[in-house]
Amino acid sequence: MLQVLGRMMRNRTITSKCTETLGATSSSTRLTPGPTSKQQHTIAAPVMAGDTVSKANYEESVRVLNTLQTNAAVLERIRKEKKRVNENSLPEFQEFLERAGITLEDIDGLSVIHVSGTKGKGSVCAFCESILRANGFKTGFYSSPHLVEVRERIRINGIPLSREDFSHYFFKVYNQLESSKHHYNDIMPAYFRFLTIMAFHVFIQEKVDVAIIEVGIGGAYDSTNVVQCPVVTGISSLGMDHTSILGNSLDKIAWHKAGICKPGRPAFTVPQPEEAMASVIRRAKELQAPIEVTPMLEDYDWQGRPMELGLAGEHQKLNASLAIQLCRTWIEEHKAALTEGPPETKKQKRLNGYMDPADPSVRPAPAFRLIDTFIYGLRSCYWAGRNQTISRGRVTYFLDGAHTPRSIQACVNWFKEVAEEEAKTIKGPVARVLVFNATGDRDEKTLLTDLISCKFDGAAFCPNIASVFNGKTSADQTNLMTTSEKQLARCEKHRKSWQALELEAGAVSQQPSPKPSTSSRTEFLQDSVRALEALSQGDGQTDASRLLKAHGLNMPTTNVPKMDGLPYYNYGASNDRDSNTTISHSGDGDATHILKTKAVTFQCITDALQWAACAKDPQLGSPSLEVPSPPEFVRDAKHIQVLVTGSLHLIGGVIKVLNPDLATKDDCNDIHIW
């Protein structure tokens, strides 16, 4: 049975083979023909033939789309004014919809699964898409951000829109909005809002059976929350992120995330931290939404088969369980035959059982027997850049777009497990190198702290710029919301924070005194960074010595390079191409602490990867002679393991360098089925 499903999924013209279990399928399960090249768009593109026309039109559409990005100057003003999302966001968005010719009734005609959360919401949506496609339904999937090409954000049956289809739909919506802007003070929707409008338009035109919608930021005031009557909503793991927009506590963040719940519509949440769970339950009850907590993945009946997922990582089990509940609920309401008993009766029981606003508890959702289509959908799910492993030559790249403290913890656990397992199969020394970047209002120290335990031999810090060699950036990855100078300055800040954390880890590990308090730890990190900055100026020896001795540390035994501005093509840990900074611990005689990781800042991802791979990836060039050489242990290692994390945009740039096709690969063809 599962082999048959595998062939069906790859062919993409799916008719349900589970009629006995699921009931009759919709007549619209096959993909309707997309626009042809004969259809006209209001664009200025050269007259070409075939794929050349599609490419030209697509690049023009992305160029125009980028004009809707909020530029760096405007963003800075918004930050200073401390503006946050508010209740006006949705009425404003509804006006844009109407200008595009889309009514709320049109959106209500879609059968929507709506998912919010801090981490894992994209993976939940990917699992949902894979499961429902395996069940024979025509799926629409809207997600953000994209990794390599913006068309990845809108998918039909798991496949990103073709370049031709994207440009067709883009200009259809853009021209409609453009033609009416003179009536609205020349206002056009911003980048994300426009793509949300376009996604709704595509799903309506393509007549999808189900529209799986991932929230952008927050939930309550997110553009996607214009959906008034979703079939079901889901909330993935919550944590601290986008605090400048959503608030600086789990309670405030959870309020936004649970804002997608709708009166009388079933909702599910994964187990949450206590503060977040209380807020989610309270908010759901305010919105009169029946809510349940998902069970553990192990609680389901797998028919005696191995519990296997297409996405790696222990934390994906929570995401998979949430997807299972969302999909079963969706199928119950639309097919009415997945489980025993009339689905309307079950729905009414759910409404009657969970609408009591005085009840502070939330009930667990029941586990059940997974049918073949669910098992296959879970195993065949593909979602690039999330706990992804790529092997090339004598280098293995471990990619994960973790960008919150909790997701970094999960990333570290996954990396340690898979890296150690791989190392057991390699005869000879195995080196580890980190490639890192963080964006937005995220505190890099909270992200880097857990990464220290991975014991890297080298650390590369770079902006989310794939390459600087050709003098231009792909339109799909153009970012007008910051400048290259700011990105490089932030990367250098990341590098200094990393070194400060290494100093702290060394000092704490060699001192018998108790772990310092939060306040003293903060002072230590701040003084460590100040000491490194003083040393980098070349004339701050006295200040650096004073700062380090305050924490029981002596001066470095080697020089740290001058780093005022960007004096070098790339700049890093030392002028000496093979030396590391050494700091001795006072009061312990011969005890010394050597900064284990050689940390270097690079101008682009290509430079960072070449340095990390150390000529052991045959498809990458060798590190430039103009940059600090890779650590000796890395150069001599039999194999190198490179962890890339901190930003999904960084992951996208790495995939663009390694293999852009990985971002649009729609499923895995090597699923273990028995």
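Residues numbered from 1 in each chain as written. Predicted model: local features only at pLDDT ≥ 70, side-chain atom pairs only at ≥ 80, totals over all residues. Heavy atoms only, no water.

**What about the overall build of the protein chain?**
The number of helices and strands found in the protein chain is 23 helices and 19 strands. Going through the 674 residues of the protein chain one by one, you find that 57% of them count as buried. Here the contacts in the protein chain between residues at least 6 apart in sequence split such that 78% fall between residues at least 24 apart. For the protein chain, the exposed area adds up to about 27800 Å²; of that, 50% sits on carbon and sulfur atoms. (Helix = DSSP H or I, 4+ residues; strand = E, 2+ residues; numbered from the N terminus. Buried < 20%, exposed > 50% of the residue type's maximum accessible area, 1.4 Å probe, protein only. Contact = heavy atoms within 4.5 Å. Areas by Shrake-Rupley, 256 points an atom, 1.4 Å probe, with all protein chains shown as cover.)

**Some points on helix α9 (residues 191-206)**
Its 16 residues place the ends of α9 22 Å apart at the C-alpha level, agreeing with the 22 Å of an ideal helix rising 1.5 Å per residue. In terms of burial, α9 is a largely internal element, 13 of the 16 residues being buried. At the C-terminal side of α9, K207 shows a positive phi close to 55°. (Expected span 1.5 Å × (residues − 1).)

**Description of the sheet that holds strand β1 (residues 112-116)**
If you trace the nine strands from one edge of the open sheet to the other, you get β4-β3-β2-β5-β1-β6-β7-β8-β9, paired in mixed fashion. Since the sheet does not close on itself, it has two edges, and those belong to β4 (159-160) and β9 (363-364), each with one partner. When strand β8 (residues 291-293) meets β9, the two strands line up parallel, connected through two bridges. Counted as the bridge partner of E292 is R363 from β9. Packing against the sheet, α9 makes contact with β2 (139-142), β3 (154-156) and β5 (210-214), and its axis sits at approximately 15° to β3. Each of β6 (232-235), β7 (267-269) and β8 is contacted by helix α12 (residues 274-286), which is oriented at about 155° to β8, the strand it contacts most. (Pairing = 2+ DSSP bridges. Axes fitted to C-alpha atoms, helices over the stretch in contact; angles between N-to-C directions.)

**Here we look at the side chain of K138**
Residue position: K138 is located in the loop between α7 (121-134) and β2. Of the polar contacts made by the side chain of K138, one reaches the backbone oxygen of E206; its length is 2.4 Å. (Polar contact = N/O pair within 3.5 Å; in protein donor to acceptor, adjacent residues only side chain to side chain.)

**Some remarks on the pattern of salt bridges**
Tallying each qualifying case throughout the model produces 21 salt bridges. The shortest N-O distance in the salt bridge between R163 and E149 comes to 2.5 Å. Of this pair, R163 sits in helix α8 (residues 163-180) while E149 sits in the loop between β2 and β3; the two residues are 14 residues apart in sequence, bridging distant segments of the chain. Classification of R163 by relative accessible area gives partly exposed; the value is 33%. By relative accessible area, which is 14% here, E149 ends up buried. Between R328 and E332 there is a salt bridge; the shortest N-O distance is 3.9 Å. Taken as a pair, R328 and E332 lie in helix α13 (residues 316-335) at a separation of four residues, close to a single helical turn. The residues R328 and E332 share a single accessibility class, namely buried. When salt bridges with common partners are traced through the structure, they connect E149, R151 and R163 into a single cluster. (Salt bridge = Lys/Arg side-chain N within 4 Å of Asp/Glu carboxyl O.)

**Let's talk about the packing of aromatic side chains**
Evaluated as defined, the whole model comprises 18 aromatic pairs. Each residue in the set F398, W414, F415, F436, F456, F461 and W498 is aromatic and connected to the rest through ring pairs, giving one cluster. For R163, the ring lying beneath its charged end belongs to Y58, and the centroid distance is 5.8 Å. Positioned above the aromatic ring of W255 is the side chain of R283, whose terminal nitrogen or guanidinium carbon lies 3.8 Å from the ring centre. (Phe/Tyr/Trp six-rings, centres within 6.5 Å; stacked < 30°, edge-to-face > 60°. Lys NZ or Arg CZ within 6 Å of the ring centre and 35° of its normal.)

**Here we look at the packing of helix α21 (residues 605-613) against helix α23 (residues 648-658)**
Interhelical geometry of α21 versus α23 gives an angle of 70° and a closest axis separation of 10 Å. It follows from the interaxial angle that α21 and α23 lie roughly perpendicular. Contacts between α21 and α23 involve I605, T606 and L609 from the first element and L650, G653, V654, V657 and L658 from the second. (Parallel < 35°, antiparallel > 145°, perpendicular 65-115°, else oblique.)

**A closer look at unusual backbone geometry**
That bond from S144 to P145 is cis: its omega, -5°, falls within 30 degrees of zero. Within the secondary structure layout, P145 lies in the loop between β2 and β3. Unusually for a residue other than glycine, D186 sits at a positive phi of about 60°. At Q303, a position not held by glycine, the phi torsion is positive, near 60°. Positionally, Q303 belongs in the loop between β8 and α13. Overall, the relative accessible area of 26% leaves Q303 in the partly exposed class.

**Observations regarding the state of the cysteines**
If you walk through the whole model with that rule in mind, you get zero disulfides. As a non-bridged cysteine, C327 has C128 as the owner of its nearest cysteine sulfur, 3.9 Å distant. For C327, a relative accessible area of 0% translates into the label buried. (Disulfide = S-S within 2.5 Å.)

**As for the confidence of the model for the protein chain**
Looking at the protein chain as a whole, the pLDDT averages 79, with 70% of positions reaching at least 70. In this model residues 337-358 is a low-confidence stretch, pLDDT under 50, and it forms 36 contacts with partners more than four residues away in sequence or in other chains. Per-residue pLDDT stays below 50 along residues 507-519; that stretch engages in 11 contacts with residues further than four places along the chain or on separate chains. (pLDDT = per-residue confidence, 0-100.)

**Quick notes on the pairing of β2**
Both faces of β2 are covered, namely the face carrying T139 and F141 and the face carrying G140 and Y142. Bridge count between β2 and β5: four bridges; the pairing is parallel. Each bridged residue has a counterpart across the sheet, and for Y142 the counterpart in β5 is I213. Where β2 meets β3, three bridges bridge the pair, whose relative direction is antiparallel. Counted as the bridge partner of G140 is I156 from β3.

**Details of the packing of α7 against α13**
Relative to each other, α7 and α13 sit at 45°, their axes nearing to 8 Å. The orientation of α7 relative to α13 falls into the category oblique. Between α7 and α13 lies a crossing of right-handed hand. Here α7 contributes S123, V124, F127, C128, I131 and L132 to the contact with α13, which in turn contributes Q316, N319, A320, L322, A323, I324, L326, C327, W330 and I331. Considering only residue class, the contact of α7 with α13 consists of 13 nonpolar, three polar and no charged. (Left-handed = near helix turned anticlockwise from the far one by under 90°. Nonpolar A, V, L, I, M, F, W, Y, C, P; charged D, E, K, R; others polar.)

**So, the side chain of R442**
Mapped onto the secondary structure, R442 falls in the loop between β12 (430-436) and α17 (444-451). At a separation of 3.1 Å, a polar atom in the side chain of R442 contacts the main-chain carbonyl oxygen of H403. Look past the residues within four positions of R442 in its chain and what remains in contact with it is D241, H242, H403, L447 and R490.

**Structural notes on the environment of C229**
Take C229: it is sitting in the loop between β5 and β6. Given the relative accessible area of 42%, C229 is considered partly exposed. Look past the residues within four positions of C229 in its chain and what remains in contact with it is D108 and R265.

**Points about the pairing of β1**
The buried fraction of β1 amounts to five of the five residues, a majority that puts the element mostly inside the structure. Neither face of β1 is open: one carries V112, H114 and S116, the other I113 and V115, and all of them are buried. In this sheet, β5 lies alongside β1 in parallel orientation, the contact comprising four bridges. Residue pairing across strands places V112 opposite A211, the latter belonging to β5. Pairing geometry for β1 and β6, over four bridges, is parallel. Of the residues in β6, the one forming a bridge with I113 is V232.

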